[in-house]
Amino acid sequence: MFKEITDFIRAHYGHVEGFIPLHEPRFLGNEKKYLNDVIDSTFVSSVGQYVNRFEQMICDITGAKYAVATMNGTAALHVALILAGVTRDDEVITQPLSFIATANAISYTGARMVFVDVDRDTLGLSPEHLEYFLKNNTTVNSDGDCINSSTGKRIAAVVPMHTFGFPCRIEEIVSVCSEYQVSVVEDAAESLGSTYNDRHTGTFGLAGTFSFNGNKLVTSGGGGCVLTNDEKLARLAKHITTTAKTPHRWEYMHDMVGYNYRLTNLSAALACAQLEQLGTFIANKRETALSYRSFLSDKFPTVNELPEAHANYWLNAIIMRDKSERDAFLKFSNDQNIGCRPIWQLLNRAPMFQNMQSADLSNAEWLEERVVNLPSSVTER
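In this report, the structure presented in the accompanying data block is examined. If you're wondering where the values come from, they're calculated on a predicted model, not measured in any experiment. As a convention, each chain's residues are numbered from 1 in the sequence order in which they are written. Given that this is a predicted model, residues contribute local features only at a pLDDT of at least 70 and side-chain atom pairs are listed and counted only at 80 or more, while totals for whole chains, interfaces and linings are drawn from all residues. The side-chain values count all of the structure's non-hydrogen atoms but skip hydrogen atoms and water molecules.

Quick word on the sheet that holds strand E8 (residues 195-196)
In a beta sheet, neighbouring strands are held together by backbone hydrogen bonds and run either parallel or antiparallel to one another.
Here comes step 1: Strands qualify as paired when DSSP identifies two bridges or more between them. For helices the rule is a DSSP run of H or I covering at least 4 residues; for strands it is a run of E covering at least 2, with both sets numbered from the N terminus onward. Within the open sheet, the three strands sit side by side as E9-E8-E12. Their pairing is antiparallel. Edge positions in the open sheet fall to strand E9 (199-200) and strand E12 (309-310), since each of these has one partner strand only.
Here comes step 2: Here two bridges tie E8 to E12, and the two strands are oriented antiparallel to one another. Each residue of the ladder has a partner; that of Tyr196, found in E12, is Ala309.

Shown next as structure tokens:
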């Protein structure tokens, strides 16, 4: 059966000779033209027309009022957590099934994490498990702060992640958090172009973030973005990502701790050219997902979008029967020069996060042993 799958993948990506990667970029539009424009302008750093154009394009695509470009998705999430008021004495609830950047960004604020389980169908934070944890482990004090009963610390934010571009039950999560007066910061790094009930991911909470890393659906080499509908927060985000420098024609004055997180004009130019192709890319990837689903229907279940969601299918995923079968398939496929990968190790298993509080994580543990990603690049046809 394994050979049938690898043969199908190789046939699907018939234009690729040798190693078939998990996900690689496609440069099929104005990438070279826009990069040459930037080079000719000499504005290659964080000031230039393409940075502004990139931010406007993200607003147009997502429906968000404001977008602030950053150097990568981790920086974007760090900034979004600052906007949410997360500090060193706080806690942040997130899911254990996520790329390490989610936990790293939370750690940059000095806050501690609390890990709550995911739903098996979305691979994202479970609103049911979140509500259970908050109901049984927290109280809202007279100041309106949600306090963890076991630690006495304020839970300042909840960070759900839209895994592999599949929207989690974000409306339900926001509703639960509203009841307990906790801000939602969406890690939408992988879900550009994905919607839930016709609303774009990253726009449901106080702030949302995207990544434009080299392996993403749309790439700027690096790159990230913070979304918000709050003008004050947008101004603050732009300020702190540009070293918190106050405006002046020549003086260097800074009024708070800031970060050199601004996206370069070079990277933004690449991103703009890629964003022009977003619709085509997503249609192509959804065709690939349909092909996988049809071929694998009698072999392994695939991860699919919820009925109320429209996913970009950034990475296609299948669920093996157990860890032993997963490992056997990963060895076989990679021996065949096909870059299948497992889902991430749970964040609570990382040595630096092992002492963080965890709720029951049965779903995440079950998925960790079974989920495999299949090559999912846009096909060239």
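So that's the structure; there's more coming.
A short note on the nonpolar core
Here comes step 1: Residues belong to a common nonpolar core when they are buried Ala, Val, Leu, Ile, Met, Phe, Trp, Tyr or Cys residues joined through side-chain atoms within 4.5 Å. Only protein chains enter the accessibility calculation, which uses a 1.4 Å probe. A residue is then buried if its area is under 20% of the maximum for its type, exposed if over 50%, and partly exposed in between. Residues Phe54, Ile58, Phe164 and Phe212 are the most contacted members of the largest nonpolar core, which totals 83 residues.
Here comes step 2: The biggest single contributor to this core is helix H4 (residues 73-83), with seven residues.
Here comes step 3: Sequence-distant contacts of Phe164, defined by excluding residues within four places in its chain, comprise Leu123, Glu190, Asn312, Tyr313, Trp314, Leu315, Ala317, Ile343, Trp344, Val371 and Asn373. Contacts between residues were defined by any pair of non-hydrogen atoms, one from each residue, lying within 4.5 Å.

Topic: the sheet that holds strand E13 (residues 316-319)
Here comes step 1: If you trace the three strands from one edge of the open sheet to the other, you get E13-E16-E14, paired in antiparallel fashion. Only two strands of the sheet have a single partner each, and these edge strands are E13 and strand E14 (341-342).
Here comes step 2: Sheet analysis places E14 next to strand E16 (residues 371-374), joined by two bridges and oriented antiparallel. Considered in E16, the bridge of Pro342 is made with Val372.

Quick word on the pairing of E13
Here comes step 1: Residues Asn316 and Ile318 line one face of E13 and the alternating positions Ala317 and Ile319 line the opposite face, and both faces are buried.
Here comes step 2: The pairing of E13 with E16 spans four bridges and is antiparallel. Bridged to Ile318 within E16 is Val372.

Brief notes about helix H5 (residues 100-108)
Here comes step 1: Residues of H5 that are buried include every one of Ala101, Thr102, Ala103, Ala105 and Ile106, and no others.
Here comes step 2: Summarising the contacts, the buried residues of H5 are in contact with H4, strand E2 (90-94), strand E3 (112-115), strand E6 (154-159) and strand E7 (183-187).

A few points about the packing of aromatic side chains
Here comes step 1: Classification of ring pairs uses Phe, Tyr and Trp, with its six-membered ring standing for Trp, and accepts pairs whose centres are within 6.5 Å; under 30 degrees between planes counts as stacked, over 60 as edge-to-face, and the remaining range as tilted. Under the defined criterion, the tally for this structure stands at ten aromatic pairs.
Here comes step 2: Here Phe2 and Phe332 contribute two aromatic rings whose centre-to-centre distance is 6.1 Å and whose plane-to-plane angle is 50°, an arrangement assigned as tilted. Of this pair, Phe2 sits in helix H1 (residues 2-12) while Phe332 sits in helix H11 (residues 323-335), and the two are 330 residues apart along the sequence.
Here comes step 3: For Phe2, a relative accessible area of 18% gives the class buried.
Here comes step 4: For Phe332, a relative accessible area of 26% gives the class partly exposed.

Quick notes on the packing of H4 against H5
Here comes step 1: Throughout, an axis means a line fitted to C-alpha atoms (over the contacting stretch in the case of helices), and angles, computed between N-to-C directions, take values from 0 to 180 degrees. Relative to each other, H4 and H5 sit at 45°, their axes nearing to 9 Å. In terms of orientation, H4 and H5 fall into the oblique class. For the pair H4 and H5, the crossing hand works out as right-handed. Between H4 and H5, the contacting residues are Thr74, Leu77, His78 and Leu81 on the first element and Ala101, Thr102, Ala105, Ile106 and Tyr108 on the second. Orientation categories follow fixed angle ranges, with anything under 35 degrees roughly parallel, anything over 145 roughly antiparallel, 65 to 115 roughly perpendicular, and all other angles oblique. The hand of a helix crossing depends on one turn: near helix anticlockwise from the far one by less than a right angle means left-handed, and clockwise means right-handed.

Observations regarding the environment of Cys177
Here comes step 1: Here Cys177 lies in helix H7 (residues 170-179).
Here comes step 2: With 175 residues separating them along the chain, Cys177 and Met352 place their C-alpha atoms 27 Å apart.
Here comes step 3: Not counting the four nearest positions on each side in its chain, Cys177 is found in contact with Leu130, Val158, Val182 and Val184.

Some remarks on unusual backbone geometry
Here comes step 1: Positive phi values are uncommon outside glycine, yet Gln181 reaches one of about 55°.
Here comes step 2: One can find Gln181 in the loop between H7 and E7.
Here comes step 3: Residue Asn337 is not a glycine yet carries a positive backbone phi of 65°.
Here comes step 4: Position of Asn337 among the secondary structure elements: in the loop between H11 and E14.

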